[in-house]
Amino acid sequence: MDDHFSRTLLALRRFIGVPLPGTELRVHGLISLPESAIRVLLGTQGAAQRPVDLPLHRGDGPEKFPPWWYVTAIRDVAVWMSGRNDADAEPEALEAEFLFSRRIVSEEISPTLDDALDFVIADLVGDPLWHDAAASIAPEIYTLVGFRLLNENSVRVYLRYDAEVIGVGLSVLDRTSGHPRSTGWWASTKVVAILRDAATLAAHVVPAADDPYCDAVYDLTRWA
């Protein structure tokens, strides 16, 4: 069974009911056009919905765009639409050929800090968007019971671990590039690895940390 559409819907759900960044546009609909495109309906509250047809496949080959690509693409389209003048002539439905030819969208995925945070939390909680054969959560080891941002670059996740709740600091930036983490970084895999190694975990404890939401705090922002 091909779950590409379902995974794309999960990727875009952040923009159902809330504006896309820098615009007043929201995702008002998502429709599968079998074997051709995914149609996203964009609009503001009380305004007409504008169809945007994003392709399923890269070029003429069988490879499909990954679900996270649609997040980058629809943000770019929304910003472009918001800067348009009503007098500008444009097709009723924005189609893939038009979007690529005008360089409104590209084949690149450009994650933001918000994307990276969303990915980390979704991965740890076992969101079906992220969990397939490539990764899995381990409920027998930990359960995510909360999180809070420490600053724009790091988050503390609260995990029920053994008989305690621990706070684990994670960076949403890639340690090497300094860019927001992409969907290729599995927070759950890193967390499970260190929770299985008591000595390594203990080496990252933050002594005398004052956090009312947990029993102990560990700083892994530079570890993974």
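Each chain carries its own residue numbering, running from 1 in the direction its sequence is written. The predicted origin of the model limits local features to residues at a pLDDT of at least 70 and limits the giving and counting of side-chain atom pairs to 80 or more, whereas totals for whole chains, interfaces and linings rest on all residues. Side-chain measures here rest on the full set of heavy atoms in the structure, leaving out hydrogens and waters.

(A) Examining the overall build of the chain more closely. Strands here are runs of E lasting at least two residues and helices are runs of H or I lasting at least four, both read from the DSSP assignment and numbered beginning at the N terminus. Per the secondary structure count, the chain includes 6 helices and 7 strands. Of the regular secondary structure in the chain, the N- to C-terminal order runs α-β-β-β-α-α-α-β-β-β-α-α-β. Its C-alpha atoms give the chain principal-axis dimensions of about 65 × 35 × 30 Å. For the chain, restricting intrachain contacts to residue pairs at least 6 apart in sequence, the fraction spanning at least 24 positions comes to 50%. Note on definitions: a residue-residue contact is assigned when non-hydrogen atoms from the two residues lie within 4.5 Å.

(B) Here's a closer look at the environment of Arg 75. Looking at the element boundaries, Arg 75 is found in helix H2 (residues 67-82). Separated by 52 residues in the primary sequence, Arg 75 and Thr 23 place their C-alpha atoms 9.0 Å from one another. With sequence-adjacent residues up to four places away left out, Arg 75 is seen in contact with Arg 14, Phe 15, Leu 20, Pro 21, Ser 110, Thr 112 and Asp 115.

(C) Quick peek at the sheet that holds strand S5 (residues 154-161). A pair of strands is considered paired only if DSSP assigns at least 2 bridges between the two. Spatially, S4-S5-S6-S7 is the arrangement adopted by the 4 strands of the open sheet, whose pairing is mixed. Each edge of the open sheet is held by one strand with a lone partner, namely strand S4 (143-151) and strand S7 (216-219). Put simply, the sheet's adjacent strands are angled 25° from each other on average, direction ignored. Contacts from helix H4 (residues 113-125) reach S4, S5 and strand S6 (164-171) within the one sheet, and its direction differs from that of S4 by about 165°. Axis definition: a line fitted to C-alpha atoms, over the contacting stretch in the case of helices. Angles run 0 to 180 degrees between N-to-C directions.

(D) Broad picture of the packing of helix H1 (residues 4-12) against H2. Between H1 and H2, the shortest axis-to-axis distance is 8 Å and the interhelical angle comes to 45°. As the angle between them shows, H1 and H2 are arranged oblique. By crossing handedness, the relation of H1 to H2 is classed as right-handed. Residues His 4, Arg 7, Thr 8, Ala 11 and Leu 12 of H1 form the contact with H2, whose participating residues are Pro 67, Trp 68, Tyr 70, Val 71 and Ile 74. Each residue receives one of three labels: charged for Asp, Glu, Lys and Arg, nonpolar for Ala, Val, Leu, Ile, Met, Phe, Trp, Tyr, Cys and Pro, and polar for the others, Gly being one of them. Residue classes in the contact of H1 with H2 are distributed as 7 nonpolar, 2 polar and 1 charged. Should an angle fall under 35 degrees it is taken as roughly parallel, and over 145 as roughly antiparallel, whereas 65 to 115 is taken as roughly perpendicular and any remaining angle as oblique. Note: crossing handedness is left-handed where the near helix turns anticlockwise from the far helix by less than a right angle, and right-handed where it turns clockwise.

(E) How the structure looks around the nonpolar core. Among buried residues, those of type Ala, Val, Leu, Ile, Met, Phe, Trp, Tyr and Cys that are joined through side-chain atoms within 4.5 Å constitute a nonpolar core. Residue exposure (1.4 Å probe, protein chains only): buried if accessible area is under 20% of the type maximum, exposed if over 50%, otherwise partly exposed. By size, the foremost hydrophobic cluster in this structure holds 31 residues, and its most contacted members are Val 40, Leu 42, Val 52, Leu 54, Val 77 and Leu 99. Elements supplying a minimum of two residues to this core: H1, strand S1 (26-33), strand S2 (37-43), strand S3 (50-55), H2 and helix H3 (96-101). In terms of residues, this core owes the most to one element, H2, which gives 10 residues. In contact with Leu 54, other than residues within four places in its own chain, are Ala 37, Ile 38, Val 40, Trp 69, Tyr 70, Ala 73, Ile 74 and Leu 99.

(F) Region of interest: the pattern of salt bridges. Definition used for salt bridges: Asp or Glu carboxyl oxygen within 4 Å of a side-chain nitrogen of Lys or Arg. The final tally for this structure, using the stated rule, is 9 salt bridges. Ionic pairing is found between Asp 118 and Arg 14, a salt bridge with its closest N-O pair at 3.5 Å. With Asp 118 in helix H4 and Arg 14 in the loop between H1 and S1, the pair connects residues that are 104 residues apart, well separated along the chain. Because the salt bridges share partners, they merge into one network encompassing Arg 14, Arg 75, Asp 115 and Asp 118.

(G) Region of interest: H1. Three or more residues of H1 are buried, namely His 4, Arg 7, Thr 8, Leu 10, Ala 11 and Leu 12. Where H1 is buried, its residues touch S1, S2 and H2.

(H) Main features of the packing of aromatic side chains. Pairing of aromatic side chains here covers Phe, Tyr and the six-membered ring of Trp, requires ring centres within 6.5 Å, and sorts the geometry by plane angle: under 30 degrees stacked, over 60 edge-to-face, intermediate tilted. Evaluated as defined, the whole model comprises 6 aromatic pairs. For the pair Trp 69 and Phe 100, a centre-to-centre distance of 6.3 Å together with 10° between the ring planes defines the contact as stacked. Of the two residues, Trp 69 sits in helix H2 while Phe 100 sits in helix H3, which places them 31 residues apart along the sequence. Taking 5.9 Å as the distance between ring centres and 65° as the angle between the ring planes, the aromatic pair formed by Tyr 158 and Tyr 213 counts as edge-to-face. Of this pair, Tyr 158 sits in strand S5 while Tyr 213 sits in the loop between helix H6 (198-202) and S7, and the two are 55 residues apart along the sequence. Overall, Tyr 158 belongs to the buried group, its relative accessible area being 5%. Of the residues examined, Tyr 213 reaches a relative accessible area of 55% and is grouped as exposed. Through a chain of ring-to-ring contacts, the aromatic side chains of Phe 65, Trp 69, Tyr 70 and Phe 100 assemble into a single cluster.

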